Each structure stands twice: as structure tokens, then as C-alpha cells.
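# Close look at the chain arrangement
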Amino acid sequence: MAELNNGQYLIGGSFENVNEVSTRDKLMRLNNDGSLDESFTPPANLSSDVWSVLELKNGQYLIGGDFNKVGNNERDKLMRLSSDGTLDTSFTPPEDLNGVVYKVSELRNGQYLIGGSFSNVGGDATLGSLIRLDTDGSLDTRFTLPETLVGGRTQGVYWFVEASDGTYLVGGTFRDVGGDSARDGLIRLLAEPQPPTS
């Protein structure tokens, strides 16, 4: 659930209709008095649940979950909607995320940080748990994780925040990150790769 800038609420979940309205499938927007905003018509027939919703700076919505199909469109665990609920087809996130997206965030530079229980992105098993995307949905390959943070549900990322210094504070079910037993469940990551030391 997210409170929107205009005081409304965006709600995601596993529901299949709202007040017998089947076009509110896993997503709905409420007015601040709790009534259904009927002007918001999200895509119907999401294949599975919505776990994370976010209002972006431009007024669009970034949605994460367990779905792999949005209507007739392939959207694997991620989609971006216009403010009226229509699918933004210019946003094409990576295919074949093999786990659930639990957390989405917009960074100060406009990119998106995505966390979840996936351990493979587009067939690449070196990616998982936390990825960074450009605004068109393409994968930012400059952002790499410690190898021991990639491992699916047992190494899932469920929470993160961009700190004031640009680093990422990340929480989840991971253990022994980088081989350090003190790094269990909470770590801080650099936003950009560091040059090798000589």
C-alpha cells in the first residue's frame, strides 16, 4: 500500500475483485475517504499477486509482485502504470526473474532499485536479490552484488533505503555476505563500483 501525493491510496494484493468489480484485479486506488476511485482502471487478469507499489516522481506507478503476465503482455514481476492505470509499454523490465519482487524504490537519480527473492535475471545466475534498472527498464550492469548475496529465497532482499550519502542500506534473509559472518540480515552497499587498489 502507498499513500499518494494527492492523499489517495494505491493498494496491491491478491484480491480478484472489489465490490464485484472484476477490473480491480490485484490493484485498486482509493479516495481518502476509503471509496473506490473508479477513474483508475488497472490492467485486468494479472497472473499473480502484487507485493509492492510505488508512486514515482512523474506521477506514474511502479508495481512489483509475483505476476509474469499483465493482460496480454509479458511483464515478469515488474510493470509501470500511467496514473489512470494503463500499462506503460515503453517500460520493458528484464525477463525471467525467477522469484518474487517484494520491494521497489525510485532513487534520487531517477533509476529504480528492485529487491526480492529472485536468484536469476534473464538467465544470468550471477544476478539476484537486488538489481538496479534504468528508467526504460533496462538492467544497469554496473551495479553488482557480492556473490554470496545471490541465492533466491534463502538470500532474499525485503527492505532497502537510499542513504543521504548515496549508499544503500539493505535488509533481508541473507547470511554471511562476502564470507563475513557478522553480515547477517543487514548490510550497506556502495552505489557505484570502486576501482581496484594496486
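This section reports on the structure supplied with the text. Treat the numbers as computed from the prediction; the structure is a model and nothing was measured.

## What about the overall build of the protein?
Counting its regular elements, the protein contains zero helices and 14 strands. Walking the protein from its N terminus toward its C terminus, one meets helices and strands in the order β-β-β-β-β-β-β-β-β-β-β-β-β-β. Considered along the principal axes of its C-alpha atoms, the protein spans approximately 60 × 35 × 30 Å. At a minimum sequence separation of 6, the contacts of the protein that also span at least 24 residues come to 37%.

## Quick notes on the sheet that holds strand β12 (residues 157–162)
Spatially, β12-β13-β14 is the arrangement adopted by the three strands of the open sheet, whose pairing is antiparallel. Strands at the two margins of the open sheet, each flanked by one partner only, are β12 and β14 (186–189). Each neighbouring strand pair of the sheet contributes to a mean axis angle of 20°, computed without reference to strand direction. Sheet analysis places β12 next to strand β13 (residues 168–172), joined by five bridges and oriented antiparallel. Note on β13: the bridge partner recorded for V157 is G172.

## Observations regarding unusual backbone geometry
Positive phi is not limited to glycine here, since K26 has a value of about 80°. Within the element layout of this structure, K26 appears in the loop between β2 (9–12) and β3 (27–30).

## A word on the pattern of salt bridges
Applying the stated criterion to the full structure yields eight salt bridges. Notably, a salt bridge pairs R80 with D88, separated by 2.9 Å at the nearest N-O pair. Pair check on accessibility: R80 and D88 agree, each one buried. Here E162 ties to R108 by a salt bridge, and the two come within 3.8 Å at their closest N and O atoms. Taken together, the residues E162 in strand β12 and R108 in the loop between β9 (101–106) and β10 (112–116) connect sequence positions 54 residues apart.

## Some thoughts on the sheet that holds β2
Spatially, the three strands line up as an open sheet ordered β1-β2-β3, and their pairing is antiparallel. Only two strands of the sheet have a single partner each, and these edge strands are β1 (2–3) and β3. Where β2 lies against β3, four bridges are found, and the strand directions are antiparallel. Bridging across to β3, I11 finds its partner in M28.

## Side note on the side chain of D25
Of note, D25 is situated in the loop between β2 and β3. What makes D25 buried here is its relative accessible area of 6%. In terms of polar contacts, D25 uses its side chain to reach the side chain of K26, at 2.9 Å. Polar side-chain contacts of D25 include one of 3.1 Å to the backbone nitrogen of L46. Filtering out sequence-adjacent residues up to four positions away, D25 remains in contact with F15, E16, P43, A44, N45 and L46.

Conventions and cut-offs
Residues numbered from 1 in each chain as written. Predicted model: local features only at pLDDT ≥ 70, side-chain atom pairs only at ≥ 80, totals over all residues. Heavy atoms only, no water. Helix = DSSP H or I, 4+ residues; strand = E, 2+ residues; numbered from the N terminus. Contact = heavy atoms within 4.5 Å. Pairing = 2+ DSSP bridges. Axes fitted to C-alpha atoms, helices over the stretch in contact; angles between N-to-C directions. Salt bridge = Lys/Arg side-chain N within 4 Å of Asp/Glu carboxyl O. Buried < 20%, exposed > 50% of the residue type's maximum accessible area, 1.4 Å probe, protein only. Polar contact = N/O pair within 3.5 Å; in protein donor to acceptor, adjacent residues only side chain to side chain.

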